[in-house]
Amino acid sequence: MSELRALTSARGIAAWLVVLYHIRASIDGLPRSVEAVFAKGYLAVDFFFLLSGFVIWLTWHDRLRGQGVAGIAGFLQKRVARIWPLHAVMLAFAVALALALRATGRSDPAFPFVELPLHVLLVQNWGFTDALHWNDPAWSISCELAAYLLFPLLVLTIDWRRLPALALIAIAAAILAGLHVAMQGAPTLGWDIPRYGLIRCLAEFATGTILAALFLRRPPLAWPLGIAAVGTAAWALGLPETFAAPATFAALLLALALTAGAPRHPLEGRMLHALGDISYATYLSHFLLWKAFKLVAVRDAASVPWPLIALYLALVLAASVLVYRWVERPAQHRLNALGRPRGAR
């Protein structure tokens, strides 16, 4: 299936919401109303999980069911090639930053070398740690890896296309209700990520695969829009975020997919699409760049003036473009070529 450009653009917007979430408390003079919006930027990760399940099911479902073990091996190779090289580069940057701090007589508890092997293997958020360390956003990549490992089992166990649409909606609702029950006591979806992050990812990723099967049936747009409206209203009236947010985002994702390709779609412009292309680089690089930027250019990390904030955001954008062009894509191609005949690379 051809790319749904609107979804790529939405991924780019979501990545920048995460950036703003991490720097919000340091922006000097930021209105409280705007800071309150930025403070919910962590919910963009829930959209990522839903979108990941959606896109991967569309892309890989038929291939995995038809190619057996070879298809599973190819799927895992491509997913590791997609997420690990850039993660490794950013982790190396974090190690260099930690060593530089030590060399100048400083230390940072966010850089525990004893945990480094877990981060190298991308298993740090599988219940092995009790806090986010090194490159904080990589926790979600760790959880995504777990979802990738389980995805072939899901595909070979059940074919969503064989179930009625109402059954799919009921299963998706049950999965998200199960997530809410599993997070009982957590006031937000971003609460205690080392404890709840993995189940949060797996539930939303699985829901995304169901959304993909629903999308192929081209349901009326009024269905997801109505569910999104009801979810938003219920959320505003006090329905817990741990249920309301994933359900609302799931409906919005399906609606967005159904409208993709429409004439003059606001999310299909070249600039927004380009932000989507480099969104993984933005997501993985911004946190460590912020840490380094504060060490070099900021006197008071609690009150950073707007010109410096603008400089940092421009730095993240430039770094995202460069890392995408010179690290992420070339490494992905090289790893994907491993095991293939030279003439086929």
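That block above? That's the structure.
Residues numbered from 1 in each chain as written. Predicted model: local features only at pLDDT ≥ 70, side-chain atom pairs only at ≥ 80, totals over all residues. Heavy atoms only, no water.

> Which residues make up the overall build of the protein, and what values go with them?
Scanning the protein from terminus to terminus reveals 12 helices and 0 strands. What you see in the protein, going N to C, is helices and strands ordered as α-α-α-α-α-α-α-α-α-α-α-α. In terms of overall dimensions, the protein is globule-like: its C-alpha atoms have a radius of gyration of 20 Å, near the 20 Å expected for 345 residues. Taking the principal axes of the C-alpha coordinates as reference, the protein spans close to 60 × 60 × 40 Å. With 345 residues in all, the protein has 48% of them scored as buried. Across the protein, contacts joining residues at least 24 apart in sequence account for 77% of those joining residues at least 6 apart. With an accessible surface of roughly 16,400 Å², the protein has 67% of that area assigned to carbon and sulfur atoms. For the protein, the centre of its 29 positive side-chain charges and the centre of its 18 negative side-chain charges are spaced 9 Å apart. (Helix = DSSP H or I, 4+ residues; strand = E, 2+ residues; numbered from the N terminus. Rg over C-alpha atoms; globule rule 2.2 N^0.38 Å. Buried < 20%, exposed > 50% of the residue type's maximum accessible area, 1.4 Å probe, protein only. Contact = heavy atoms within 4.5 Å. Areas by Shrake-Rupley, 256 points an atom, 1.4 Å probe, with all protein chains shown as cover. Lys, Arg positive; Asp, Glu negative; His and termini not counted. Charge placed at Lys NZ, Arg CZ, Asp CG, Glu CD.)

> Which residues make up the pattern of salt bridges, and what values go with them?
As enumerated under the stated definition, the model contains 7 salt bridges in all. In this structure, D46 engages R200 in a salt bridge whose closest nitrogen and oxygen atoms are separated by 2.8 Å. Residue D46 is found in helix α3 (residues 44–103), and its partner R200 is found in helix α7 (residues 193–216); the two are separated by 154 residues along the sequence. When the shortest N-O distance is used, the salt bridge between R82 and E328 registers 2.6 Å. (Salt bridge = Lys/Arg side-chain N within 4 Å of Asp/Glu carboxyl O.)

> Go over the environment of L154 with me, naming the residues and quoting the values.
By secondary structure assignment, the location of L154 is in helix α5 (residues 138–157). For L154, a relative accessible area of 22% gives the class partly exposed. Along the sequence, L154 and P330 sit 176 residues apart, while their C-alpha atoms lie 30 Å from each other. Excluding its chain neighbours within four sequence positions, the residues that come into contact with L154 are W160 and T209.

> Please set out the nonpolar core residue by residue, giving values where relevant.
Core analysis: the biggest nonpolar cluster contains 77 residues, and F54 and F151 have the highest contact counts within it. Those elements giving two or more residues to this core turn out to be α1 (5–23), α3, α5, α6 (165–182), α7, α9 (241–259) and α11 (279–297). No other element matches α3, which puts 23 residues into this core. The contacts of F151, once residues within four sequence positions are left out, are I56, W57, W60, L64, F75, F205 and T209. Core analysis: the next-biggest nonpolar cluster, separate from the first, contains 16 residues, I23, Y312, V316 and A319 among them. (Core = buried A, V, L, I, M, F, W, Y, C linked by side-chain atoms within 4.5 Å.)

> I'd like a rundown of α9, residues and numbers included.
Between its terminal C-alpha atoms α9 stretches 26 Å, which fits the 27 Å expected from 19 residues at 1.5 Å a residue. In terms of residue burial, α9 counts as a mostly covered element, since 14 of its 19 residues are buried. (Expected span 1.5 Å × (residues − 1).)

> Provide a residue-level description of α7, including the pertinent values.
Over its 24 residues, α7 runs 33 Å from end to end, which matches the ideal 34 Å to within 8%, given 1.5 Å per residue. Where burial is concerned, most of α7 is hidden: 19 out of the 24 residues are buried. Of the residues trailing α7, R218 is marked for its positive phi of about 50°.

> Lay out unusual backbone geometry in plain terms, naming residues and giving numbers.
Backbone geometry at R218 places phi at a positive 50°, although glycine is not the residue there. Along the chain, R218 turns up in the loop between α7 and α8 (222–236). The class of R218 is partly exposed, set by a relative accessible area of 49%. The phi dihedral of R264 is positive, around 55°, even though this residue is not glycine. Mapped onto the elements of the fold, R264 is located in the loop between α9 and α10 (270–277). Residue classification places R264 among the exposed positions, given a relative accessible area of 85%.

> Go over the environment of A244, please, and point to the residues and values.
Relative to the assigned elements, A244 resides in helix α9. Placed 11 residues apart in sequence, A244 and A233 show a C-alpha to C-alpha distance of 9.2 Å. With sequence-adjacent residues up to four places away left out, A244 is seen in contact with G231, W235 and L239.

> Give a description of the packing of α3 against α9 that names residues and reports values.
Viewed as axis vectors pointing N to C, α3 and α9 meet at an angle of 50°, and their least axial separation amounts to 10 Å. Judged by the inter-axis angle, α3 sits oblique to α9. In the packing of α3 onto α9, the handedness of the crossing is right-handed. Contacts from D46, F47, L50, L51 and F54 of α3 reach α9 at P246, F249, A250, L253 and A257. A per-class count over the contact of α3 with α9 returns 9 nonpolar, no polar and 1 charged. (Axes fitted to C-alpha atoms, helices over the stretch in contact; angles between N-to-C directions. Parallel < 35°, antiparallel > 145°, perpendicular 65-115°, else oblique. Left-handed = near helix turned anticlockwise from the far one by under 90°. Nonpolar A, V, L, I, M, F, W, Y, C, P; charged D, E, K, R; others polar.)

Coordinates in, geometry out; function isn't part of it.
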